[in-house]
Amino acid sequence: MSSAVQLYVSTLLIYLGVDIIAALALNLQFGVAGIVNFSFILFQAVGAYVAAVLTLGPSTPPPAGFQDYVLGATLPYPLPLIAAAGAGGLLSLAIGVVGLRRLRTDYQAMVLLVFSLIATIVVTNETGLFNGSNGLSLVPKPLADVLGLSPYDIGYQWFFVGIVAVVCVMAYGVVHAITSSPLGRNLRAMRDNEHAATALGKDVTRLRMLAFVVGGALAAVSGALLVEFISAWSPGSWFLPETFSFFAAVIVGGAGNNFGAIVGALLVPVAFLEATSFIPTFGRAGLVESLKWVAVGLLIMIFLAFWPRGIFPERRRRFRASRTGAASYTPAPSPCFVRGTDQPVDSALLEARSLRREYGGVHAVEEASFTVPTGRITGLIGPNGAGKTTVLGMLAGAVAVSAGDVLYQGAVITRLAPHQRAQRGLIRTFQQSSEFTNLSVLENLVVAVPRARGDGLAGALLTKRYWRGQQEAEVDRARALLERFAMTPQQDELAGSLSGGQRRLVEIMRALMACPQLLLLDEPMAGVNPTLARRIEEHLADLRADGLTMLMVEHELGVVDRLCDAVIVMARGRVIAHGPMSTLRVNQDVLDAYLIG
Amino acid sequence: MPTSSGNAGPAAQGLEVADVVAGYGGAPVLKGLSLTVSPGQVVAVVGPNGAGKSTLMRAITGTVRISSGIVTIGGVDITKWSSERRSRHGLGYVPQSRDVFDSLTVQENLSMGGYMLPKREVDDRITNVFSLFPSLLPLRTRVASKLSGGERKLLGIGRALVATPTVLLLDEPTASLSPELSKVILTEHVRRLADTGVAVLLVEQKALQALEVSDWAHVLVGGETRISGPSGEVLARRDIREVFLGAAALAIEASTAEDGKRS
Amino acid sequence: MSIVGSSIGFGLITASILAIAAVGFTLQFGVTNILNLAYGDIMTAAAFAAYFATKGGAPLWLAAVAGSLAGAVLSVLLNRFVYSWFARRGAKLFAMIMVTLGASLVVQNGMTAVFGPDFVSLPTSAGTTYQVGPAIFTGPQLAIVALALLAMAGVHSLLRYTRLGQAMRATATNPDLARSCGMATNRIIDAAWLLSGLLCGLAGVALALNLSTFTTGTGGTFLIPVIAAAVLGGIGQPYGAMLGALVIGLATEVSVTVVSPSYKTVVAFAILIVVLLFRPQGILSEVAMAKEIAT
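Overview of the structure.

1. Here we look at the overall build of chain B
For chain B, the count of helices and strands is 11 helices and 10 strands. Scored against the burial criterion, the 263 residues of chain B give a buried share of 52%. In chain B, of all internal contacts separated by at least 6 residues, the share reaching a separation of at least 24 is 68%. Accessible area of chain B: about 10,900 Å², with a carbon and sulfur share of 52%.

Below you can see the structure in the form of structure tokens.
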């Protein structure tokens, strides 16, 4: 190869490596965790700036020198790279604390975009920070002096390709370890249905922050590598549109698929934006450049229109049959729920004390007080608009109480967040189907496992060896549950493709996987055909026989009559009767509530 | 008109639903439902939750696909029409919730009800609505989101009336109202409305009041008519309670019967 | 003349342009629930339409009309052939924002490809200035304020007193009910895009007039303050948007007396972030809150 060709190829490879790291980072944030991070390029930028100033040595402000910046130092390689990752992570943490609140996706995207714009203005105007709009230049190439190579030598160029390759493999390792682990599964569940994930005890704020910080750190690493290669970095290096080229890469390659992200990086930023800068330009200056961005915009729209899942759609994860002896871990019994030994049958497991909820002056619930006895199925019935679902929401923590208290196992839990209540075994289901659509049925079940090995960052990074044992045991437990609910044939189907009735079953099984001590069911048979409804009814009766406590909102009074040991009747925001069905049968108020209102 | 039944004549002027099967993909929710509402009649459709009442409403208004059967108004087949066209043809609809434009004033809500009519006519009809529901008159400049539950419901019905529908669908008009207010809405307003010649189809979960105010009733269970007949007769049947409350209600009846004996 | 006085003057002009743009933006967002990131680029396109009209010899007022019409036509086309296509296929919120982003990239860079990256300017008859209170305005600047007042009065009477305007508000709050009132909501939504496009175009011309020169990226840069004004006023609330524009316009220009002029847009950005985080339903709205909960 002539040295010109070598130069061209090695340069492209370096850009490819850098873009792959960035695309993997954005895939983790956007494809896996569902964060529309419109400030993405800012994190690449901060990595580049930090790596540059930590390589450049002390600042040389004019008139003596020509560039002024903070933190100037000469750290040995690869410390600047590591520091860049740290800076990216820290900035992500800071921005995430403000920007990743519960907001509409598009509002969240706007907040993040605005952060990126503010950063551009600050960096441009605060000339003492990173030398303003002129930016930093003459950044020494790493290890060139140690190796005794001229940085302009083709040999050094290939050495740098090696560095990028190593970092790239490490970045892939990190992202892959996360996405294939129980943590990755939690992230995808959160992306598909945040409320359902919360109701299973997942701390979505923490999950989202984790993906954001890891992605931010990796983006910073990509920026650090880039600045070490091109030796200069200025506000012109991280224009806002660069963010969108990475979004295009992830969307084209296939959001949620790491291999797709790599292909996307090859197709969009590299083939499209970098490689074309080597072809001869035509037309007026800047014409090719603007046409490229037109093409990026078209790519995004065309893919979203016709191939919204990208070239390599997210993989449907299958679980292999468990290997005997692999698990040193003893699984929880199937189904796993524990009636605490301190909770004798019929003692109050949960107590609602004068719960009240107002929406802008309207009382959805005026006064609800009742207890839920351990080991029983309690029905919560009443005509439309009685406030049943609102009460269930207050018990689960999804709806804040206007007044009153919720006691669970004798402790006041009124101020606990929904996921904290779920972690204590208070698990709810939803009236609308709330399955994780892009997870398989089996994954929907396994994701519910509380405190799974590998659902934290450290555990995930310890890779399969660390969490496989437990996961196999949990998969076995899930399979047993599928068997019990006669859903084994559907175990590898995407939950989003199931029929309405099957989704209800998935939701109940998922709740059982979360080891509930009290199951709150919101119309578990709504919209289900009679045969399946009958089956669900039998399952619930079996679960009670196993000792599970349930509180069930239900419209079909025949079901309540057959299934519930005690019934709470609500009408117009109040509990109007409470007791075993035998006493309610002679209660005129109940009949009036239903027939008159 | 060469019809064999005396009932078909007036029905052709009102609403006729014949053998309608409808649902949301998958198993149909309505499994071949038929009913007629003649002008001046109030027909009640009652039934427990999940019986298919809302689907029936949506099949008539055209927001759910009808897979077989026909719907006619005034003898014209409207089965394949868009909802807009149905309302132009004289179909008025008051949904159970979100039945007014929250950000518009009472007056504006009413004039939106007459969107398809010439401006001058609308003013006359709004005056009519105000004479029918005088309590709305002092509120004409108030934004709908600031109305009470009862006022809202009257506005919802009034809004539908501005278009002078020949057929009016009321979807659980008393759902969020107190029993007293429900009674006023049903016995005073809905009944009086029918007396002006409108064909009213009243869907209610709370059966007793609906049966008291209506001429004819259908009890819907599982997407099919379980019981139908003149409302007075339906009200008198023992099994209506069973349909609603399952076995529980029978016990209540037994106990109230005992109470009666004792007194 | 005091610095504060003159910055209030500038603030009023900025607020006028923002008000025209933000009312248009909020109408679009309110009726269709789409946060249209290409809005700023349509503003630019309108400015270019006006620019080419003047080059063709049209007087400034006619050029402004041409610009507004260009904005209207482009907006309707964008909605008809791109956005509503995705919306009909049930595109989720994140997909929709990516689509509007794609549209923005295409429109903005398409213009750069065709018109070139250079700065151009509308011919303005500088010279005569008018002293109003403590502030000094040029003729075009006064015209902008007057146009904004006219546009606001026009929008007000349209929405409040005409049947079409009421129908737009009705469709924005409750499209299902609008249909059952016999409204052809599709045509009403088209009308809303037409009206908002007119305002968008007018704002683009006003912006180009106020800046001495503009380029293909000008509108895109102006978009964030527009969104800030619309969100501050509560999405779908035209009166809120006017108030939001006044607050943002004055805040950005008056901030110059305290911070460096380079940071004046940061003020608008900061307001947007704070509003989105702590009061996403805006300062006036109740309706927008209901929408927030529904999505």
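2. Quick notes on the sheet that holds strand β2 (residues 30–37) of chain B
Residue and element names in this part refer to chain B. Across the sheet, four strands lie side by side as β2-β1-β4-β5; this open sheet has antiparallel pairing. In this open sheet, the two strands that pair with only one neighbour each are β2 and β5 (76–77). Pairing analysis gives two bridges linking strand β4 (residues 66–73) to β5, with the strands arranged antiparallel. Within β5, the residue paired with Ile73 across the bridge is Val76.

3. Some details on the packing of aromatic side chains
For the structure on display, the rule yields 28 aromatic pairs over all chains. Ring geometry for Phe30 of chain A and Phe94 of chain C: centres 5.6 Å apart, planes at 65°, overall edge-to-face. Of the two residues, Phe30 of chain A is situated in helix α1 (residues 3–32) and Phe94 of chain C in helix α4 (residues 93–115); the pairing between them involves two chains. Judged by relative accessible area, Phe30 of chain A falls into the buried class, the value being 5%. Within the aromatic cluster, the residues linked to one another by ring pairs are Tyr15, Tyr156, Phe159, Phe160 and Phe229 of chain A. The aromatic ring of Phe430 of chain A is capped on one face by Arg428 of chain A, whose charged end is 4.4 Å from the ring centroid. In this structure, Arg510 of chain A packs its charged tip against the face of Phe436 of chain A, placed 4.6 Å from the ring centre.

4. Details of unusual backbone geometry
Residues and elements named next belong to chain A. A cis geometry characterises the amide bond from Pro62 onward to Pro63, with omega recorded as 10°. Topologically, Pro63 is positioned in the loop between α2 (40–56) and α3 (79–99). Cis geometry is found at the peptide bond from Tyr77 to Pro78, where omega equals 5°. Tracing the chain through its elements places Pro78 in the loop between α2 and α3. Even without a glycine there, the phi angle at Glu523 is positive, about 45°. Secondary-structure assignment places Glu523 in the loop between β7 (518–522) and α20 (530–545). Classification of Glu523 as buried rests on a relative accessible area of 9%.

5. Digging into helix α2 (residues 53–61) of chain B
All names here are of chain B. Most of α2 sits out of view: seven of its nine residues are buried. Of the positions making up α2, those classed as buried are Lys53, Thr55, Leu56, Met57, Ala59, Ile60 and Thr61. Positive phi appears at Gly62, one or two residues downstream of α2, with a value of about 95°.

6. Some details on the pairing of strand β3 (residues 377–381) of chain A
On a regular strand, one side chain projects to one face of the sheet and the next to the other, so that they alternate. All names here are of chain A. Counted residue by residue, β3 has five buried out of five residues, so it is predominantly covered. Both faces of β3 are covered, namely the face carrying Ile377, Gly379 and Ile381 and the face carrying Thr378 and Leu380. Sheet topology note: the β3/strand β8 (residues 549–553) ladder contains four bridges and is parallel. In the sheet register, Ile377 faces β8, and the bridge partner there is Met550. Inspection of the sheet shows β3 paired to strand β9 (residues 566–571) by four bridges, in the parallel sense. Bridge pairing in β9 links Gly379 to Val567.

7. Some words on the side chain of Ser92 of chain A
All names here are of chain A. One can find Ser92 in helix α3. Residue Ser92 is classed as buried on the basis of its relative accessible area of 0%. Apart from the residues lying within four places of it in its own chain, the contact partners of Ser92 are Phe43, Met209, Phe212, Val213, Gly216 and Ala217.

8. Things to note about helix α11 (residues 240–253) of chain A
Residue and element names in this part refer to chain A. Helix length check: α11 (14 residues) gives 21 Å between terminal C-alpha atoms against 20 Å at 1.5 Å per residue, within 8%. Among the 14 residues of α11, 11 are classified as buried, and the element is accordingly described as predominantly covered. Among the residues making up α11, those that are buried are Thr243, Phe244, Ser245, Phe246, Phe247, Ala248, Ala249, Val250, Ile251, Val252 and Gly253. At the exit of α11 stands Gly254, carrying a positive phi of roughly 125°.

9. Remarks on the interface of chain C and chain A
It is common to report an interface's size as the accessible area lost on association of the parts. Taken together, the 42 residues of chain C in the interface contact 40 residues of chain A. Area buried by chain C at its contact with chain A is led by Met98, Tyr263 and Leu277 of chain C, which between them contribute 16% of it. Applying the counting rule to chain C against chain A returns zero salt bridges. Linking chain C with chain A are two residue pairs in polar contact (both at pLDDT 80 or more). Of all the elements in the fold, those that place two or more residues in the side of chain C that touches chain A are α3 (60–88), α4, α9 (218–233) and α11 (264–278) of chain C. A total of 17 residues in the side of chain C that touches chain A trace back to one element, the largest contributor, which is α4 of chain C. Split by residue class, the side of chain C that touches chain A holds 32 nonpolar, nine polar and one charged.

10. Some details on the pattern of salt bridges
All names here are of chain A. This model, assessed by the stated rule, comprises 25 salt bridges over all chains. The partner of Arg191 in a salt bridge is Glu314, with the nearest N and O atoms 2.9 Å apart. Residue Arg191 is found in helix α8 (residues 182–192), and its partner Glu314 is found in the loop between α13 (287–306) and β1 (348–359); the two are separated by 123 residues along the sequence. The buried category is assigned to Glu314, whose relative accessible area is 10%. Across the pair Arg484 and Asp546 runs a salt bridge, and its minimum N-O distance is 3.1 Å. With Arg484 in helix α18 (residues 464–484) and Asp546 in the loop between α20 and β8, this residue pair connects regions lying 62 residues apart in the sequence. Arg484 gets classed as partly exposed once you look at its relative accessible area, which sits at 30%. The exposure class of Asp546 is partly exposed, given its relative accessible area of 41%. Connected through salt bridges with shared partners, the residues Arg191, Asp192 and Glu314 form a single ionic network.

11. Focus on the environment of Val164 of chain A
All names here are of chain A. Looking at where Val164 falls in the secondary structure, it is placed in helix α7 (residues 154–180). Judged by relative accessible area, Val164 falls into the buried class, the value being 2%. Taking the C-alpha atoms as reference points, Val164 and Ala295, 131 residues apart in sequence, are found 28 Å from one another. Ignoring sequence-local partners within four residues, the contact set of Val164 consists of Ile14, Gly17, Val18 and Leu225.

12. Considering the sheet that holds strand β8 (residues 199–204) of chain B
All names here are of chain B. The six strands are arranged β6-β7-β8-β3-β9-β10 in an open sheet whose pairing can be described as mixed. For this open sheet the edge positions go to β6 (91–94) and β10 (224–230), each flanked by a neighbour on one side alone. Put simply, the sheet's adjacent strands are angled 15° from each other on average, direction ignored. Where strand β3 (residues 42–46) and β8 come together, five bridges link them in parallel fashion. Bridging from a neighbouring strand, Val46 pairs with Glu204 of β8.

The rules we used
- Residues numbered from 1 in each chain as written.
- Chains lettered and ligands numbered in written order.
- Predicted model: local features only at pLDDT ≥ 70, side-chain atom pairs only at ≥ 80, totals over all residues.
- Heavy atoms only, no water.
- Helix = DSSP H or I, 4+ residues; strand = E, 2+ residues; numbered from the N terminus.
- Buried < 20%, exposed > 50% of the residue type's maximum accessible area, 1.4 Å probe, protein only.
- Contact = heavy atoms within 4.5 Å.
- Areas by Shrake-Rupley, 256 points an atom, 1.4 Å probe, with all protein chains shown as cover.
- Pairing = 2+ DSSP bridges.
- Phe/Tyr/Trp six-rings, centres within 6.5 Å; stacked < 30°, edge-to-face > 60°.
- Lys NZ or Arg CZ within 6 Å of the ring centre and 35° of its normal.
- Expected span 1.5 Å × (residues − 1).
- Buried area = accessible area lost by both parts, 1.4 Å probe.
- Salt bridge = Lys/Arg side-chain N within 4 Å of Asp/Glu carboxyl O.
- Polar contact = N/O pair within 3.5 Å; in protein donor to acceptor, adjacent residues only side chain to side chain.
- Nonpolar A, V, L, I, M, F, W, Y, C, P; charged D, E, K, R; others polar.
- Axes fitted to C-alpha atoms, helices over the stretch in contact; angles between N-to-C directions.

That's the geometry; what it means functionally is another story.
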